[in-house]
Amino acid sequence: MNLHRSYILRTIFAASLGLSMVACSGGGSTPTPSLDTAQVPPPPPPPPPPPPVSSSPAPRPVNTTVNAPLASIDAGTGALTYGPYANQDQTNAANILPDFSYAGYMRGGVALPTYASISVESTLTPQASGDDHARIQAAINEVAQLPTDARGIRGAVLLQAGEYNISQALEIRTSGVILRGEGQGLDGTIITSTSTENGSEVIFVGGESDDEETDEAPDARRTSITQAFVPVGSISVEVASSDGYSIGDTIALQRNPNETWLGEDGVDTAQFGWTTSQYTITYDRTVTAIEDNVIFFEPPTVEVFEDQYGSGELFRTDISGRLQQVGVENLSVQSAFRTDTSDEDRAFFGINFDDIENSWIRDATVRIASHGFNMNDGAVNNTIQNVSYLDPNFDRRGGRLYAFNFEGGQQNFFQRCYGDEGRHTLTSGSRALGPNVFLDCVIERSTDDDGPHQRWATGTLFDNARGQLIRFQNRQTSGTGHGWAGGQQVVWNSEYDEIVVQAPTGAMNFSIGTIAAVVDGFFPIHPLGIFETNTAITVPRSLYLQQLEDRLGADAVIAVTIAEQREGRIWDMLSDWEGEGPLIPIE
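Residues numbered from 1 in each chain as written. Predicted model: local features only at pLDDT ≥ 70, side-chain atom pairs only at ≥ 80, totals over all residues. Heavy atoms only, no water.

(A) Structural detail: the sheet that holds strand S24 (residues 379-380). Ordered in space as S18-S21-S24, the three strands form an open sheet in which the pairing is parallel. Looking at strand neighbours, the two that pair on one side only are strand S18 (323-324) and S24, the edges of this open sheet. Pairing analysis gives two bridges linking S18 to strand S21 (residues 356-357), with the strands arranged parallel. Across the sheet, Gln-324 pairs through a bridge with Glu-357, a residue of S21. (Pairing = 2+ DSSP bridges. Helix = DSSP H or I, 4+ residues; strand = E, 2+ residues; numbered from the N terminus.)

Structure follows, in structure tokens:
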């Protein structure tokens, strides 16, 4: 008997998950008034009831059939239904797969602004020699002073085709600024960093906050989670008090782990130096409804909150310091080439996004850099598409060659990616919080694994990826004590030479429709996660796109995809492209 999927052991936490099979609650009958009340003057009419706060969000349907698939298409509705599961070392089948559809620009399903719709406000041409940093930065700063349009966009700085040498990083620190080139190929716009500063970057885009965690609102209204167990996939949580909360509030669900979670009865990582304060983590959410002391939110949870492991709290947040509507597009960036690849007195990072949301990188290539495209702390709901990582020219050793990287941030979306000669090509860093998504990516000549790299990333989807090795595992003493790399990691309809899927206590990892040889992990003494249909692909082709259609409709899928994606896999298209020049015509 599979304890994770046993029907007998299923206990559905319907109120939290908002499931469609929730039973109707009973209600008492209205008492009949006494005849004596007819002789008493009637009381004044009560004031009209306040308008309803909101109806609860629509549920995701659950299939309670014995050993139902984790996600499958309902023949009647054409939408997904979800098979509940229990976490490792637990018996309550109360969780469902995360809803990944909120990842990306404007929370998914919204097309990026077209090139033609963004006015070019400053145009620069290459110069024969010299440092281009000052003049490009000046143009960025000038556009930053312009008013925004209704979308929040000010305009673009256009770098015409050719090479631009910069002695220090270009910085975008204001919302609504677009940095644009005239092609991501070798005949397009190339920004080359000549910096000799170790650990520097070519382009930095970021807002005001330098904190790792989301900023509290001035009136934060911190309140404890009183619900004993909040499963993965929940859209609500019961709290001590909902006073002061309103629909539309940006909030944080803060998980406060205790020593039990870090000890032998939990993930057992205290031995690797993990502490409770380091793993107090906050998930960005938005209030959608309030019913008494139950607060509904979106996106649904990608992590369990439970009393035995410390549970958590909820508070209102201030995200006003984040940049909005910034773009980096149609260009390539690179560090300085070195014959000695161990020479790191040069730009280490290609493009870094910090403290920014509803923004994008598109039609871009990073060459000659250790870390290519990096979503760091405070990077939320950004889309990175039609991107490639080539010719890294840095040493192949620990902490190097991360191509497409959820280093921090949350609800970000990579799609149509090509990576060549990376180590950790599709990867995430310490406490990277989901939902985050990789969709339709090809990895070639990688020398290490895809997957969460270290220290408890949660809620990542690897959807239709093709590569060499993917691992969801306990890395134990690797690095400086990586421990469990992640939970609620899903690889869907992908193809790898080898795969490792291990399950942490109180969490779960998944391989669904993924064809790969199952091998032992780096440290093999851990239970396996859940494997479903691992010798053939499953339906739907893409979990992300189907979840997006279920939530927002078919037009949302059309808005964020190209026709080839809607027809099937695009691995051959990406391999033929090899990251050089445009993947698709620039409109």
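Right, picking up where we left off after that structure.
(B) Spatial organisation of the confidence of the model for the protein chain. Per-chain confidence: the protein chain averages 90 in pLDDT, with 89% of residues scoring 70 or above. This stretch, residues 1-15, has a pLDDT under 50; its non-local contacts, to residues over four places away or in other chains, come to 52 contacts. Note that residues 21-54 has pLDDT below 50 and, in this model, 10 contacts with residues that lie over four places away or in other chains. (pLDDT = per-residue confidence, 0-100. Contact = heavy atoms within 4.5 Å.)

(C) Expanded view of helix H4 (residues 543-552). When H4 is considered as a whole, its buried residues turn out to be Leu-543, Tyr-544, Leu-545, Gln-546, Gln-547 and Leu-548. The backbone nitrogen of Tyr-544 lies 3.4 Å from a side-chain oxygen of the residue at the head of H4, namely Ser-542. Phi turns positive one or two residues past the end of H4, at Gly-553, with a value near 100°. (Buried < 20%, exposed > 50% of the residue type's maximum accessible area, 1.4 Å probe, protein only. Polar contact = N/O pair within 3.5 Å; in protein donor to acceptor, adjacent residues only side chain to side chain.)

(D) Unusual backbone geometry, seen in detail. Of note, the bond from Glu-298 into Pro-299 is cis; its omega dihedral lies within 30 degrees of zero at -5°. Position of Pro-299 among the secondary structure elements: in the loop between strand S15 (294-298) and strand S16 (305-306). At the junction of Val-539 and Pro-540, the peptide bond is cis and its omega measures out at 5° in the coordinates. Checked against the element boundaries, Pro-540 lands in the loop between strand S36 (530-532) and H4. Its identity as a non-glycine residue notwithstanding, Asp-89 has a phi of 65°, on the positive side. For Asp-89, the position within the fold is in the loop between strand S2 (80-82) and strand S3 (120-124). Judged by its relative accessible area of 57%, Asp-89 falls in the exposed class. Within the chain, Arg-221 stands out as a residue other than glycine whose phi angle is a positive 55°. If you trace the backbone, Arg-221 turns up in the loop between strand S9 (200-206) and strand S10 (223-224).

(E) Spatial organisation of the sheet that holds S15. A sheet is described by the order of its strands in space; here six strands give the open sequence S10-S17-S13-S14-S15-S12, paired in antiparallel fashion. Looking at strand neighbours, the two that pair on one side only are S10 and strand S12 (236-238), the edges of this open sheet.

(F) Layout of the pairing of S15. Where S12 and S15 come together, three bridges link them in antiparallel fashion. Looking at the pairing, Ser-236 lines up with Phe-296 of S15. Where strand S14 (residues 281-291) lies against S15, five bridges are found, and the strand directions are antiparallel. Paired with Ala-289 across the strands is Phe-296, a residue of S15. The loop that links S14 with its antiparallel partner S15 comprises two residues; one of these, Asp-292, has a positive phi angle of about 55°.

(G) A look at empty space enclosed by the protein. Tallied over the full model, the rule gives one cavity of 30 Å³ or more. What the largest cavity holds in volume is close to 50 Å³. Around the largest cavity, the lining residues are Arg-255, Trp-261, Glu-303, Val-304, Glu-306, Tyr-309, Trp-456, Thr-505, Gly-506 and Ala-507. For the lining of the largest cavity, a count of residues per class yields five nonpolar, two polar and three charged. (1 Å grid on protein atoms, 1.4 Å probe; cavity = no way out; pocket = protein on both sides within 12 Å on 5 of 7 lines; lining within 4 Å. Points joined across faces, edges and corners; volume = space filled by probe spheres on them. Nonpolar A, V, L, I, M, F, W, Y, C, P; charged D, E, K, R; others polar.)

(H) Inspection of the packing of aromatic side chains at higher detail. Applying the stated criterion across every chain yields a total of 19 aromatic pairs. With centroids separated by 4.5 Å and ring planes inclined at 25°, the aromatic side chains of Phe-413 and Tyr-544 adopt a geometry described as stacked. On the criterion of sequence distance, the pair formed by Phe-413 in strand S27 (residues 413-420) and Tyr-544 in helix H4 is long-range, its members being 131 residues apart. Here Phe-522 and Phe-523 contribute two aromatic rings whose centre-to-centre distance is 5.2 Å and whose plane-to-plane angle is 70°, an arrangement assigned as edge-to-face. Phe-522 sits in the partly exposed class, given a relative accessible area of 46%. When its relative accessible area of 22% is taken as the criterion, Phe-523 is described as partly exposed. One aromatic cluster is present, formed by Phe-373, Phe-404, Phe-406, Phe-414, Phe-438, Phe-462 and Phe-472 through successive ring pairs. Cation over ring: Arg-60 sits above Tyr-82, and NZ or CZ is 4.5 Å from the ring centre. (Phe/Tyr/Trp six-rings, centres within 6.5 Å; stacked < 30°, edge-to-face > 60°. Lys NZ or Arg CZ within 6 Å of the ring centre and 35° of its normal.)

(I) Examining the pattern of salt bridges more closely. Enumeration over the complete set of coordinates arrives at 24 salt bridges. We note a salt bridge from Arg-445 to Asp-420, for which the minimum N-O separation is 2.7 Å. Residue Arg-445 is located in the loop between strand S29 (433-444) and strand S30 (451-452), and its partner Asp-420 is located in strand S27; the two are separated by 25 residues in the primary sequence. Note that Asp-448 is salt-bridged to Arg-423, the shortest N-O span being 3.2 Å. In this pair, Asp-448 sits in the loop between S29 and S30 while Arg-423 sits in the loop between S27 and strand S28 (424-428), placing the two residues 25 residues apart along the sequence. Judged by its relative accessible area of 19%, Asp-448 is buried. You can call Arg-423 buried: its relative accessible area is 10%. One connected set of salt bridges, linked through shared partners, spans Asp-219, Arg-221, Asp-249 and Arg-316. (Salt bridge = Lys/Arg side-chain N within 4 Å of Asp/Glu carboxyl O.)

(J) Molecular detail of the environment of Thr-341. Turning to its location among the elements, Thr-341 is positioned in the loop between strand S19 (327-334) and strand S20 (347-354). Take Thr-341: its relative accessible area is 26%, and that puts it in the partly exposed class. Between the C-alpha atom of Thr-341 and that of Asp-395, which follows or precedes it by 54 residues, the distance is 5.2 Å. Contacts of Thr-341, omitting those with residues within four sequence positions, involve Arg-346, Asn-393, Phe-394 and Asp-395.

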